[in-house]
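# Structural characterization, general
Chain by chain, the residues run as shown.
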Amino acid sequence: MRVRSYRQEQNRKVRRRKIAFWTSMVVIIGSIAFGATHFFIQHLEAAKVTVDTNTSEVYPGLNLKTTTKEAKYYTESISLALVEEKEINQTIGDWTHAEETNFISKVDDQKEELAAIEDKHLLPHLNIQTDTKKLADRIYSLELISEQVFNQEDQSKQYLPILMDLNTNERLDAGDFFELKEDPDNLHEIQEIIVEHILSEEGIANLVDESKAKGAVSNPEGWNLHTDLETVYFYFAEDELLANALGPIKIAVPMDELVYYLNPIFAEKLGIEIPEKVVQLDSDGKYVAITFDDGPHATVTPRVLDTLKEHNALATFYMLGSQIDYYPEMAKRVADEGHELADHTMSHKFLPKLSYAEIEAEIQQSNDNMEAATGLLPKSLRPPYGAFNDNVKAIAAEKDLPIIMWSVDSLDWKYRNVDSIHSRVMSAVHPGAIILLHDIHATTADALPGLLTALENEGYEMVTVSQLLDLAELEDIGPHHGIDY
Ligand code: NI
């Protein structure tokens, strides 16, 4: 997944050797110090230990190691999924060891009281289990859960989530899981989703401060995550979200909400198809559909697309089949950037003057060109000059293409002037409006940044014609002047 240069690899090796040296020094010194107290417990407890290691047919690459221990003052059962890869094993081993050390030192503090307990079932118990989710061949998400049970009131839990790809022997992090580099908006949107779930999490919803929640998710390098592909779990240490939490907090976020942000490389390994983002429209929202006719154009369309992207706005492009013929890559780019493709016929003829067969050919040819260039079919039809008759209606109905007009005319083709376009649109715009523009005039591209900013300032959100139609159908809001089927 991560590509490292030779030099990085060398640096890493040197670093690893240094780490290995200091780790062994710490272990040696630590053992001398720890041994003294530990020996005392070992000496008193006469522990009975059983260890069992099994390779798994269900989880290739994972070895299940089960340890049970009955000591004088405590019991333990530990099930770990170990792997060949040293660093991952080390992480699991270190965490388990820290949990056990913490547990035993707490037992040690209480051993006088514990000496009075005769029923070994009432002794403190350390239980470490591994919940293994197989995501794909040799790709696993593990959740290690450590529970220390001293008595009914005194219990605590800790988690260690580990995501790994044993095909490349790597532990995966948030950047492997999500696409955080290519699309910088993603990080912000994922953070918003996690924060929303933290703030509505049962039991802590009213206690968590929003700024604290935002702080806890600010750095994706610190995200601890686990998934079964239905749900993604995020883990926070006790003090990350609340001042006085009783333990770590695990937040569940449905994969449905996060699937749009998956790293495509990771998604492909898992066989997950990343769907197009679906905007949830709300009936009280102020939505407009911006439409561009007569393109795609070699120089204007790219400028329009850049501006739309900057404003995170979607638009609908009523393309001419004859233009797609010249600029198929531009049609593809429009589609790739999530905008809606729609039909403006093959060659911009006045349809009511044509025969039934000629109208059909005008629409079919442009649809064929669009499909060849983009793999997509148009979602609606806008007849040139807004002119149609019963034949056009019948053909459009047969091809399942609603006929879409407009409710705000910028007259950008007539007055090639930024101020004129701006004032005509802004004086007529209304919620549910369909705005007519043309991506073949440079002045239209010039006017777009100011127009989008003004619309945003008035609280409008830019959606596609189909989204507006769905909303009109569901919520019966409008007015959608000029829409006719
Ligand atoms: Ni036109």
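All values reported here derive from a predicted model rather than from experimental measurement. Residue numbers restart at each chain and count upward from 1, following the sequence in its written direction. Local features are withheld for residues below a pLDDT of 70 in this predicted model, meaning they are given only at 70 or higher, and side-chain atom pairs are given and counted only at 80 or more; totals for whole chains, interfaces and linings count all residues. Side-chain metrics rest on all non-hydrogen atoms present in the structure, leaving aside hydrogens and water.

## Here we look at the overall build of the chain
When helices and strands are counted, the chain shows 17 helices and 16 strands. Throughout this description, buried means an accessible area under 20% of the type-specific maximum (1.4 Å probe, protein chains only), exposed means over 50%, and partly exposed covers the range between. The 485 residues of the chain split such that 45% are buried. Residue-level accessible areas treat just the shown protein chains as cover; the underlying method is Shrake-Rupley with a 1.4 Å probe. In the structure as shown, the chain presents an accessible area of about 25300 Å², 50% of it carried by carbon and sulfur atoms. Helix and strand labels come from DSSP, where a helix needs a run of H or I of at least four residues and a strand needs a run of E of at least two; each type is numbered from the N terminus.

## Some thoughts on the pairing of strand 2 (residues 63-70)
Examined bridge by bridge, strand 1 (residues 48-55) and strand 2 share eight bridges and lie antiparallel to one another. Paired with K48 across the strands is E70, a residue of strand 2. In this structure, strand 2 lies alongside strand 3 (residues 75-82), joined through eight bridges in antiparallel fashion. Looking at strand 3, one finds that L64 is bridged to A81. Between the end of strand 2 and the start of strand 3, which pair antiparallel, lie four residues. Only strands joined by at least two bridges in the DSSP assignment are considered to pair.

## Some thoughts on the nonpolar core
To define a nonpolar core, start from buried Ala, Val, Leu, Ile, Met, Phe, Trp, Tyr and Cys residues and group those joined through side-chain atoms within 4.5 Å. If you look at the biggest cluster of nonpolar residues, it comprises 37 residues, and the most contacted ones within it are F178, I198 and F234. Looking at this core, the elements with two or more residues in it are strand 4 (125-136), helix 4 (174-177), helix 5 (184-199), helix 6 (210-216), strand 9 (231-236), strand 10 (249-254), helix 8 (255-258) and helix 9 (264-270). The contacts of F234, once residues within four sequence positions are left out, are F178, I194, W223, N224, L225, I249, K250, I251, V253 and L258. Formed by 36 residues, the second largest nonpolar core is a distinct cluster that contains L305, V408, V429 and A445. Here, residues are in contact when the closest pair of their heavy atoms is within 4.5 Å.

## Notes on the packing of aromatic side chains
Paired rings are identified among Phe, Tyr and Trp, the last through its six-membered ring, by centres lying within 6.5 Å, and are further divided according to the angle between planes into stacked (under 30 degrees), edge-to-face (over 60) and tilted (the rest). All chains considered together, the criterion is met by 12 aromatic pairs. For the ring pair Y260 and Y261, a centre distance of 6.3 Å and an interplane angle of 80° mean the geometry is edge-to-face. Here Y260 falls in the partly exposed class, since its relative accessible area comes to 23%. Criterion for a charge above a ring: Lys NZ or Arg CZ within 6 Å of the ring centre, and within 35 degrees of the ring normal. One residue, K286, lies across the ring of Y460, its end atom 4.5 Å from the ring centre.

## Re the sheet that holds strand 8 (residues 225-227)
One open sheet holds the three strands; their spatial order is 8-9-10, and the pairing between them is antiparallel. Of all strands in the sheet, those bounded by a partner on one side alone are strand 8 and strand 10. Within this sheet the neighbouring strands show an average axis-to-axis angle of 25°, counted without direction. Where strand 8 lies against strand 9, three bridges are found, and the strand directions are antiparallel. For H226, the partnering residue across the bridge sits in strand 9 and is Y233. Axes, fitted as lines to C-alpha atoms, cover a helix only where it is in contact. Angles between the N-to-C directions of the axes lie from 0 to 180 degrees. Against the sheet, helix 5 contacts strand 9 and strand 10, and its axis sits at roughly 120° relative to strand 10.

## As for the packing of helix 15 (residues 418-428) against helix 16 (residues 442-457)
At a minimum axis distance of 9 Å, the contact between helix 15 and helix 16 shows a crossing angle of 40°. Comparing the axis directions of helix 15 and helix 16 gives the class oblique. You can see that helix 15 and helix 16 cross each other, and the crossing is right-handed. Counted together, V418, I421, H422, V425 and M426 of helix 15 and T443, T444, D446, A447, G450, L451, A454 and L455 of helix 16 form the full contact between these two elements. Broken down by class, the residue content of the contact of helix 15 with helix 16 amounts to eight nonpolar, four polar and one charged. Angular relationships are summarised with four words: roughly parallel below 35 degrees, roughly antiparallel beyond 145, roughly perpendicular across 65 to 115, and oblique for the angles in between. For any pair of crossing helices, the crossing counts as left-handed if the nearer helix is rotated counterclockwise from the farther one by less than a right angle, and right-handed if it is rotated clockwise. Classification convention: Asp, Glu, Lys, Arg as charged; Ala, Val, Leu, Ile, Met, Phe, Trp, Tyr, Cys, Pro as nonpolar; all other residues, Gly among them, as polar.

## Some points on helix 16
Expected span of a helix: the number of residues minus one, times 1.5 Å. Taking 1.5 Å per residue as the helical rise, helix 16 with its 16 residues ought to reach 22 Å, and the 24 Å between its terminal C-alpha atoms agrees with that figure. Take the seven residues that end at a residue and the seven that start at it, fit an axis to each, and the angle between those axes is the bend at that residue. At L448, helix 16 shows its largest bend, some 35°, and a proline, P449, comes one to four positions later. Among all positions in helix 16, only T443, T444, A445, A447, L448, L451, L452, A454 and L455 are buried. Residues of helix 16 that are buried in the fold lie against strand 11 (287-293), helix 10 (300-310), helix 15, strand 15 (433-438) and strand 16 (461-463). Positive backbone phi, at 90°, marks G459, one or two positions downstream of helix 16.

Shape is all these values report; function is a separate question.
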